[in-house]
Amino acid sequence: MAITSNEARAKLRQSTLFIHLEPEAQKQAVDQLLNGESWDKVAQRVNDWVAEADWETRCETKEAASQERYYE
């Protein structure tokens, strides 16, 4: 039985950090499920994308804070 995009979104929201992804990445994750990619791989990828984005944000924040100190 094929999964619908609404079912894929609901399952991803329930079991991963899906809601923290940008809309383009959310669509990509749903498309991967609809194209037959395994649930485990897509779920891991979603969580990895969120962790990577969080890490990049923290690095940018630290860098900005560091630069502010130089200007003080």
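Above this text you will find the structure in question.
Calculation criteria
Residues numbered from 1 in each chain as written. Predicted model: local features only at pLDDT ≥ 70, side-chain atom pairs only at ≥ 80, totals over all residues. Heavy atoms only, no water. Axes fitted to C-alpha atoms, helices over the stretch in contact; angles between N-to-C directions. Helix = DSSP H or I, 4+ residues; strand = E, 2+ residues; numbered from the N terminus. Left-handed = near helix turned anticlockwise from the far one by under 90°. Contact = heavy atoms within 4.5 Å. Nonpolar A, V, L, I, M, F, W, Y, C, P; charged D, E, K, R; others polar. Salt bridge = Lys/Arg side-chain N within 4 Å of Asp/Glu carboxyl O. Buried < 20%, exposed > 50% of the residue type's maximum accessible area, 1.4 Å probe, protein only.

**With respect to the packing of helix α1 (residues 5-15) against helix α2 (residues 23-34)**
It is the contact of α1 with α2, at a shortest axis distance of 9 Å, that shows an interaxial angle of 115 degrees. The interaxial crossing formed by α1 with α2 has right-handed handedness. Counting all contacts with α1, which are made through S5, A8, R9 and L12, the residues of α2 involved are Q26, K27, A29, V30, L33 and L34. For the contact of α1 with α2, the per-class residue count stands at 6 nonpolar, 2 polar and 2 charged.

**Describing the pattern of salt bridges**
On inspection of all chains with the given rule, the structure shows 2 salt bridges. Salt-bridge contacts for D31 lead to K27; the nearest nitrogen and oxygen are separated by 2.8 Å. In this pair, D31 and K27 are both assigned in helix α2, 4 residues apart and thus about one turn of the helix distant. Exposure remark for D31: the relative accessible area of 29% places this residue in the partly exposed category. Residue class for K27 comes out partly exposed when judged on its relative accessible area of 47%. In this structure, the salt-bridge partner of E37 is R45, at a minimum N-O distance of 3.1 Å. Here R45 falls in the partly exposed class, since its relative accessible area comes to 25%.

These figures come from the coordinates and say nothing about function on their own.
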